[in-house]
Amino acid sequence: MSNLIAPSKALGYSSIFLDFLSGSGVAKDFYPATDPADVARRLDAVAYRRDHIVAILEKQNSLYGASDKTLANIEKLKDPLAVCLFAGQQAILFGGPMLIMYKALSLVKAAHAYTEKLGRPVIPVFWIAADDHDFEEVNHTYVLSRSSELTKICYETPPTVELPISEVRLSDSTGLDKARNTLQAALGQTDFTSDLYALIERCYTPEDTFVTAFGKFMAALTADLGLVFFSPGDPDAKRLAAPLFKDIVSRGHDLQQMLSETNLKIRDSGYHIQVEKAEDATHLFYNLDGRSPVHRQGDGYVAGEARLSRDDLMARIDEHPERFSPDVMTRPVMQSYLFPVVSQKGGAAEIAYLAQVHRIFDLFGLVTPYYRSRPTMTVIEKRFERLMTEHAITFEQLTGDIEQVINRVLTESFPDDIEDRFGEFRAELTDHFARLTTRALEFDPSLSDLAEKTKGKIDFVVKALENKVFSSHKKKSSETRERIYRLHAALYPNRNFQERSLNISYFLSKYGPGFIPYLFEAMDCREKAHQLIYLSEYEV
């Protein structure tokens with residue numbers, strides 16, 4: 001079977017992302033950085049507060065239990081030639097879906113390649129989206145149970161007000177125990193689960209926030225790789241970013257005009273707008289008794305119940321920068337304001353929205369990063385590979401109507417003329433028996449009752465055989481149907497890529513800690529097609 005699936009609209013990709021991948025169409029106009037070496041040279045002319053950011057990274061990653069390799073990578077950032085390679089995601093429960101691990105691994109692998117290509121240190125940094133406040137996006141994850149059923153694991157206790165995830169503690173110990181118990185009940189006990197469950201218990205405690213728990217968990221799983229984690233929810237990071245926040249307010253009119261012009265050009269080019277924002281948006285959030293977007297209102301501003309003049313807003317940024325955060329449009333700007341970002345890896349939706357913000361970097365005197373798509377992958381276990389081979393099921397078929405796949409397999413697995421053949425056999429048997437008994441009764445008419453009973457017995461036996469055949473087929477069909485449903489749940493759960501639902505814990509529980517380095521070696525971080533990773537050659 002093929003291990004690469006070409007990107008297409010059938011897989012849910014947008015036109016602008018497909019054109020970005022192929023380098024065709026007008027999409028390239030929205031991604032001006034085409035050479036990472038040129039981006040790196042431009043970064044050399046920008047002064048970054050490297051000592052401050054290194055101190056922040058050391059503090060955060062030490063809290064997460066970072067390895068010596070990670071701390072050594074952080075130290076490299078003091079080199080004025082050092083640059084960063086970024087990807088990021090929300091701090092989702094228990095490490096979230098597999099795509100998070102794919103991003104993390106591809107960052108490290110790509111950073112090695114960039115270091116060699118550019119001849120300078122390239123540090124892989126994972127941006128934990130700690131400022132996000134959508135609790136419903138981070139409070140759950142999925143695993144396959146021992147019976148291959150998709151099982152949702154959820155921490156159900158939300159904060160009383162909308163807060164940045166960096167401030168949401170897992171303080172409900174009962175709710176946290178319930179989530180851990182649901183996970184353990186689904187995965188059961190294997191040779192590897194004791195260590196896995198102990199790790200989760202150490203990382204996810206009532207004293208931790210979603211961000212610190214996530215940081216600890218991911219740092220432990222990637223300890224050998226030297227991956228650096230960064231949370232923008234850190235008050236020290238916000239103090240560094242305070243001048244940018246004020247600049248975003250000061251340049252609000254130009255910023256909004258630039259975004260409007262870019263959005264119009266994207267639409268005129270036949271593409272969709274990934275992120276829609278109100279015309280009065282300032283592209284900042286203010287956290288005061290709950291995180292609220294800041295909007296312009298007349299000569300002033302409004303954030304939740306707060307009404308602020310321009311001077312008030314600027315003063316509050318100076319006094320409490322930790323209460324402010326960028327929105328989705330200005331987040332990449334903050335990233336490049338703090339760090340020398342040579343490249344950003346993103347998925348289809350991220351790449352689409354980055355087309356909207358490329359001009360903003362020039363507005364704030366920043367260097368636009370070189371964008372690359374992150375690798376996308378589906379892990380196929382040996383039992384599912386066998387099933388796909390047995391019934392000639394392709395991955396692409398699983399992304400369509402699964403009932404059509406099942407109907408095709410069941411039709412091919414049972415002769416469609418079997419019922420007709422039984423009918424023909426009974427008719428021929430009846431005809432032959434009638435001719436035989438006619439001759440026999442000519443010889444001895446007293447055998448009439450025996451002949452009739454014999455005919456009934458023959459009919460009964462043939463009918464019983466036919467019923468057995470169809471009953472066996474029905475049972476086998478039911479089993480085949482359930483096997484294909486399990487295949488679908490494993491490879492295309494929630495009618496989307498496996499990487500968007502299944503948690504890394506499922507695979508770690510079955511294949512152990514060696515599964516992560518196996519993924520690291522198996523993935524191609526430069527590949528644009530969807531990669532199928534088969535575990536038939538993996539040895540536990």
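Notes on the structure in this doc start here.

Thoughts on the pattern of salt bridges
Within the structure shown, the criterion is met by 22 salt bridges. Close ionic contact of Arg526 with Asp524 constitutes a salt bridge, the shortest N to O distance being 3.6 Å.

Structural notes on the sheet that holds strand E8 (residues 291–297)
One open sheet accounts for five strands, arranged E10-E9-E8-E7-E11; its pairing is antiparallel. At either end of the open sheet lies a strand with only one pairing partner, and these are strand E10 (306–308) and strand E11 (324–326). Direction aside, neighbouring strands of the sheet carry axes that sit 30° apart on average. Running over the sheet, helix H12 (residues 310–319) touches strand E7 (281–287), E8, strand E9 (300–303), E10 and E11 and is turned about 110° from E10.

Observations concerning the packing of aromatic side chains
Applying the stated criterion across every chain, the model contains 25 aromatic pairs. Ring centres 4.5 Å apart and planes at 15° place the aromatic pair Tyr286 and Phe324 in the stacked group. Residue Tyr286 is located in strand E7, and its partner Phe324 is located in strand E11; the two are separated by 38 residues in the primary sequence. No difference in accessibility class separates Tyr286 from Phe324, as the two residues are buried. Here the aromatic cluster, defined as three or more aromatic residues joined through ring pairs, consists of Tyr13, Phe17, Phe20, Tyr31, Tyr371, Phe395, Tyr492 and Phe497. Residue placement shows Lys109 over the ring face of Phe520; its charged tip is 5.4 Å from the ring centre. One residue, Arg291, lies across the ring of Phe285, its end atom 3.8 Å from the ring centre.

Here we look at the pairing of E8
Two faces, one strand: in a regular strand the side chains alternate between the faces of the sheet. Where E7 meets E8, four bridges bridge the pair, whose relative direction is antiparallel. Its bridge partner lying in E8, Phe285 is registered against Pro293. Here E7 folds back onto E8 in antiparallel fashion, the turn holding three residues, of which Asp289 has a positive phi close to 55°. For E8 and E9, the ladder comprises three bridges, and the chain directions are antiparallel. Directly across from Gln297, in E9, lies its bridge partner Gly300. The hairpin turn running from E8 into E9, its antiparallel successor, is two residues long, and Gly298 in that turn takes a positive phi close to 65°.

So, how was this worked out
- Residues numbered from 1 in each chain as written.
- Predicted model: local features only at pLDDT ≥ 70, side-chain atom pairs only at ≥ 80, totals over all residues.
- Heavy atoms only, no water.
- Salt bridge = Lys/Arg side-chain N within 4 Å of Asp/Glu carboxyl O.
- Pairing = 2+ DSSP bridges.
- Helix = DSSP H or I, 4+ residues; strand = E, 2+ residues; numbered from the N terminus.
- Axes fitted to C-alpha atoms, helices over the stretch in contact; angles between N-to-C directions.
- Contact = heavy atoms within 4.5 Å.
- Phe/Tyr/Trp six-rings, centres within 6.5 Å; stacked < 30°, edge-to-face > 60°.
- Buried < 20%, exposed > 50% of the residue type's maximum accessible area, 1.4 Å probe, protein only.
- Lys NZ or Arg CZ within 6 Å of the ring centre and 35° of its normal.

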